[in-house]
Amino acid sequence: MKKLLIGTALATSVAATAFAGGHAKEVTIGVFLGFTGPIESMVAEMGPGAEFAISEVNDSGALLDSAKVKAVRADTTCIDSGAAQAAIERLITADGVDGVVGGDCSGVTGAALMNVALPNGMVMVSPSATSPGLSHNNNEDKGLFFRTAPSDARQGVVMTEVLMDQGIKSVAVTYTNNDYGKGLADAFQSAYEAAGGTITINAPHEEGKADYSSEVAALAAAGGDRLVVAGYVDQGGGAIIQASLDSGAFDTFHFPDGMISDTLSKFGSDIDGSTGQHPAPSTELAESFTALVGGAFNATSPFVPESYDAAALIMLAMQSADSKDPADYKDHIMKVANAPGTKIGAGELAKGLEILRGGGDIDYVGASGVELIGPGEASGTYREVVMKGGKDTTVAFR
Amino acid sequence: MEFLHAVIVLSNFVIIPAITYGSQLALGALGVTLVYGILRFSNFAHGDTMAFGTMVAILFTWWFQSIGVSIAPLPTALLALPIAIVLTALLLLGTDRVVLRFYRKQKSAPVILLIVSLGIMFVYNGLVRFIIGVGDQRFSDGSRFIISARDFKKLTGLDEGLAIKTTQVITVITAVVVVALLFWFLNRTRTGKSMRAFSDNEDLALLSGINPERVVFYTWLIVAALATIAGTLYGLDKSFKPFVYFQLLLPIFAAAIVGGLGNPLGAIAGGFLIAFSEVFITYAWKKVLTYTLPEQFAPSGLMQLLATEYKFAVSFAILLVVLLFKPTGLFKGKSL
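Residues numbered from 1 in each chain as written. Chains lettered and ligands numbered in written order. Predicted model: local features only at pLDDT ≥ 70, side-chain atom pairs only at ≥ 80, totals over all residues.

Structural notes on the overall build of chain A
Basically, it comes down to this: Strands are runs of DSSP state E lasting at least 2 residues, helices are runs of H or I lasting at least 4, and numbering of each runs from the N terminus. In this treatment the radius of gyration is a C-alpha quantity, and the globule benchmark scales as 2.2 Å times the residue count to the 0.38 power. With C-beta atoms placed from the backbone, the exposure class of a residue follows from how many other C-beta atoms lie within 10 Å of its own: 20 or more, buried; 12 or fewer, exposed; in between, partly exposed.
Broken down by element type, chain A carries 13 helices and 16 strands. Against the compact-globule benchmark of 21 Å for 398 residues, chain A has a radius of gyration of 22 Å, which places it among compact chains. Expressed as lengths along the three principal axes of its C-alpha atoms, the size of chain A is roughly 75 × 45 × 40 Å. The 398 residues of chain A split such that 56% are buried.

So, the overall build of chain B
Where we set the bar: By the criterion used throughout, residues are in contact when their C-beta atoms, derived from the backbone, lie within 7 Å.
If you tally the helices and strands in chain B, you get 13 helices and 2 strands. Its C-alpha radius of gyration of 22 Å places chain B within 12% of the 20 Å reference for a compact globule of 336 residues. Taken along its principal axes, the extent of the C-alpha atoms in chain B is 70 × 55 × 40 Å. Classification of the 336 residues of chain B by burial places 45% in the buried group. For chain B, contacts bridging at least 24 residues in sequence account for 75% of all contacts bridging at least 6.

Section: the sheet that holds strand β5 (residues 145–150) of chain A
All names here are of chain A. Note the following rule: For two strands to pair, DSSP has to find at least two bridges joining them.
Spatially, β2-β1-β3-β4-β5-β14-β13 is the arrangement adopted by the 7 strands of the open sheet, whose pairing is mixed. Single-partner strands in this sheet number two, and they are β2 (68–75) and β13 (372–373). Direction of pairing for strand β1 (residues 26–33) relative to strand β3 (residues 99–102): parallel, over a ladder of 4 bridges. Directly across from Gly30, in β3, lies its bridge partner Val100.

Quick look at the domain arrangement of chain A
All names here are of chain A. This is how the line gets drawn: What fixes the domain bounds is an automatic or database domain assignment.
Segmentation of chain A into domains returns domain 1 (2–150 + 283–376) and domain 2 (153–280 + 380–397). Contact with domain 1, which involves 10 residues of that partner, is made by 10 residues of domain 2. Going through the elements one at a time, α4 (106–120) and β5 are the ones with two or more residues in the side of domain 1 that touches domain 2.

Examining the interface of chain B and chain A
For clarity, the cut-off: Each residue gets one of three labels, nonpolar for Ala, Val, Leu, Ile, Met, Phe, Trp, Tyr, Cys and Pro, charged for Asp, Glu, Lys and Arg, and polar for the others, Gly among them.
At the interface, 32 residues of chain B touch 22 residues of chain A. Mapped onto the side of chain B that touches chain A, the elements with two or more residues apiece are α1 (2–39), α5 (149–156), α10 (242–259), α11 (264–281) and α12 (286–292) of chain B. Tallied by class, residues from the side of chain B that touches chain A come to 15 nonpolar, 7 polar and 10 charged.

Considering the packing of helix α3 (residues 77–105) of chain B against helix α4 (residues 110–132) of chain B
All names here are of chain B. Inclusion rule: Between the N-to-C directions of two axes lies an angle of 0 to 180 degrees, each axis being a line fitted to C-alpha atoms and, for a helix, fitted only over the stretch in contact. Convention used here: angles under 35 degrees read as roughly parallel, angles over 145 as roughly antiparallel, angles from 65 to 115 as roughly perpendicular, and any remaining angle as oblique. Should the near helix be turned anticlockwise from the far one by less than a right angle, the crossing is termed left-handed; should it be turned clockwise, right-handed.
Look at α3 against α4: their axes get within 10 Å of each other, and the N-to-C directions meet at 160°. Relative to α4, the element α3 lies roughly antiparallel. Read as a crossing pair, α3 and α4 show a hand that is right-handed. Note on element contacts: α4 touches α3 through Ile112, Leu113, Val116 and Ile120, opposite Thr95, Val99, Leu100 and Tyr103. Here the residues of the contact of α3 with α4 sort into 7 nonpolar, 1 polar and no charged.

With respect to the nonpolar core
Inclusion rule: Think of a nonpolar core as buried Ala, Val, Leu, Ile, Met, Phe, Trp, Tyr and Cys residues, each tied to the set through C-beta atoms within 7 Å.
Leu219 of chain A together with Ala255 of chain B are the most contacted members of the largest nonpolar core, which totals 143 residues. The dominant element in this core, judged by the number of residues it contributes, is α1 of chain B, at 18 residues. Residue contacts for Ala255 of chain B: discarding those within four places in its chain leaves Leu25, Ala26, Ala29, Ala267, Gly270, Gly271 and Ile274 of chain B. If you look at the next biggest cluster of nonpolar residues, it comprises 78 residues, including Val97, Val100, Val125 and Tyr364 of chain A.

Comments concerning unusual backbone geometry
All names here are of chain A. With an omega dihedral of -5°, the bond running from Gly102 to Gly103 counts as a cis peptide bond. One can find Gly103 in the loop between β3 and α4. Here the amide bond leading from Ala339 into Pro340 is cis, since omega sits at 0°, within 30 degrees of zero. Residue placement: Pro340 occurs in the loop between α12 (333–337) and β11 (342–345). Unusually for a residue other than glycine, Ser66 sits at a positive phi of about 40°. Counting through the fold element by element, Ser66 comes out in the loop between α2 (40–60) and β2. With phi around 70°, Cys78 is a residue other than glycine that occupies positive phi space. Topologically, Cys78 is positioned in the loop between β2 and α3 (81–93). According to the C-beta neighbour criterion, Cys78 is buried, with 25 such atoms within 10 Å.

Looking at α3 of chain A
Residues and elements named next belong to chain A. Our working definition: An expected span of 1.5 Å times one less than the residue number is assigned to each helix. Directions are taken from the helix axis to each C-beta atom, and the arc is the one they span.
Counted at 1.5 Å a residue, the expected span for α3 with its 13 residues is 18 Å, and the 18 Å between its end C-alpha atoms agrees. Among the residues of α3, those classed as buried are Ala84, Ala87, Ile88, Leu91 and Ile92. Around the axis of α3, the buried residues are gathered within 135° of arc, so they sit on the same side. Exposed and oriented more than 90 degrees from the buried face of α3 are Gly82 and Thr93. Turning to α3, the residues buried within the fold contact β1, β2, β3 and α4.

Side note on the confidence of the model for chain A
What counts, and what does not: What pLDDT reports is the predictor's confidence in each residue, on a scale of 0 through 100.
Here chain A averages 86 in pLDDT, and 93% of its residues register 70 or above. Predicted confidence in chain A is weakest over helix α1 (residues 2–17) of chain A, with a mean pLDDT of 51, and strongest over strand β4 (residues 124–126) of chain A, with 95.

Observations regarding the packing of α2 of chain A against helix α10 (residues 304–321) of chain A
All names here are of chain A. Interaxial distance between α2 and α10 falls to 7 Å at its minimum, and their mutual angle equals 35°. Considering how the two elements wind past one another, α2 and α10 form a crossing that is right-handed. Counted together, Glu45, Met46, Gly49, Ala50, Phe52, Ala53, Ile54 and Val57 of α2 and Val304, Ser307, Tyr308, Ala310, Ala311, Ala312 and Met315 of α10 form the full contact between these two elements. When grouped by side-chain class, the residues that make up the contact of α2 with α10 number 12 nonpolar, 2 polar and 1 charged.

Observations regarding the environment of Leu158 of chain B
Residues and elements named next belong to chain B. Note that Leu158 resides in the loop between α5 and β2 (164–165). On the basis of neighbour count, Leu158 is assigned to the partly exposed category, with 14 C-beta atoms found within 10 Å. Spatially, the C-alpha atom of Leu158 lies 8.7 Å from that of Met1, the residues being 157 residues apart in sequence. Setting aside its immediate chain neighbours within four residues, Leu158 contacts His5, Ile8 and Lys153.

Considering the pairing of strand β10 (residues 275–279) of chain A
Residue and element names in this part refer to chain A. Buried residues dominate β10, accounting for 4 of its 5 residues. As defined by bridge partners, strand β9 (residues 253–255) adjoins β10 across 2 bridges and the pair is classed as parallel. By the bridge assignment for β10, Phe255 is matched with Gly276. As paired elements, β10 and strand β15 (residues 382–388) share 5 bridges and run antiparallel to each other. Residue pairing in the sheet places Gly276 in a bridge with Val385 of β15.

Observations regarding the sheet that holds strand β16 (residues 391–397) of chain A
All names here are of chain A. Pairing within the open sheet is mixed, and its 7 strands lie in the order β7-β6-β8-β9-β10-β15-β16. Whereas interior strands pair on both sides, the edge strands pair on one side only; in this sheet they are β7 (198–205) and β16. Within the sheet, the average angular offset between the axes of one strand and its neighbour, ignoring direction, is 25°. Pairing between strand β6 (residues 170–176) and β7: 7 bridges, direction parallel. What sits directly across from Tyr175, in β7, is Pro204. Strands in contact with helix α5 (residues 152–165) are β6, β9, β10 and β15; relative to β10, the strand with the most contacts, it is inclined by about 150°. Against the sheet, helix α6 (residues 179–194) touches β6, β7 and β8 (226–230), its axis set at about 160° to β6.

Here is the structure:
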């Protein structure tokens, strides 16, 4: 019966799409991530994550006219916009990709989108660019840019909720002086002040400096119940925490996503009572994705589920639009990502493709619990943590 | 009482950290200034020489810790320091023999030697990263505080805390001892005098029978000691990361130039000037003024002269002003 259904579905879809344009046997997807540069260790897991979704679709053979999907890698370098633009240009003109998973860091992603993807009408789905500056609320991206990672504007709101629930009404903020740190600190400031909180000082710090005593002195003079450190724990952020503890400036801290890592354990119980949050899928989703991956790569590394989902969304939208032309399928990404429809988790891409072929509707959940809001970005689930004995322990998911 | 609070806040956040940072910079700048004065070139490899020396100290600290040798409450790294100095000296003398001696024989212009030192810098840079890796290493042990902010508050019953770290005291004491020894050596011993003579006028020194290779040998020995001590003290106080040591080169050179390149006294003054100006000018005076001024004058703003992101600009502004009005630096070094 099932076979018959699939057969019928296949027959009707072939008949119905015989006239559709951009329909082909081969689809190419660019994997546009920072394989070299400051986040190369994260990308080593993210790249395989995206390619895992592609091989799953290839195994099913259910995409379009049983098309084979080919992945082509290109390097964003994370920091060099010139190199990133050249790389995506190559993907579009030489490799002829039909969609791009990436980029990774906010700065290069914005440059590649505005200068190359937009003029060429190419769809980009980023798994990890979180800057609020990439939320194109006035359609500056012509509906071509999506992300499976949440905007830091959302993280600012979540941070505010975490702090307000603990009754913390006054904080000092220091952020790493780049697109990520500044975007997050500004988003947090507006959300926190709107909620009635006071920010005593909002000061940047540079990475890799010799001495942070002047930063800590200014933060301590401004005061506050807690110090929010929007930086990187392996660099200036960690040094500022150390200097604050040494001088007795602050005892408790609040850590956004860039600060939560095993490195925090070096402070031991000195930072007990500090809070934080980072984007993470719920425990059930994380467990099922880990089981699905089965050790091929680290499924719980940051932004790996998001990479899988970015690739999956592109292919599902192609199926829904019955075309691999970005101009056709870009409007279908929101449709397959959100309700209504049958819920499709990670590992169920074949099922999703079949439903779409039959003209049905799906609500893609994927590995990270995809729910696209606003101009096409993940609403985001955050894990709220509290430090106990030098370890981050989960309080709740928000 | 209020005034006492103000003094404690100021010492805790400004004076003590600035003195520590200033001592670290001064020791680094002394090494740079000695090479400039005696060997006549700007040694860009100094930051990475510090990194190398510190790395050796760390490796031996770990070894001592593993076999259970310690000098608690002092950090074990102090025990490893002499070995690190010897190995760093060997590295510097080897470099001099293989690379720099060739250019000295050629009587190359200082700018060529500067570029050569840049090359040496990259080699050291790679060597350190190759051996110990690029990550953060922490190797301080022993007791961390002489008095912590919390204990101070409990002890005195005051509202403000004053923290004094063991490493801060060790840094300042070591710096004083090292500087005193250096000046005694340069001014009182025969070798030190011949080094100064060589620095003042090379031809005259050669004519009076001073062996130049001997002067070079002792210079590298002293530079190795200074660099290793400065690097290890810095690493104990903060943490060791090769990239940060590379970045240290900037404030160290600023300190040496402000004080007057080639003048040891100037290097010390320059180190403290850079450290104090970085912390003082970007300090938010709100708390101090709240304690000292009558209540109705208490400031509501932060009372910060310049935001902290401009602190590098502060040291370079001082550098520019000094070079414009006193090209030889505050203490009459050699002009650039």
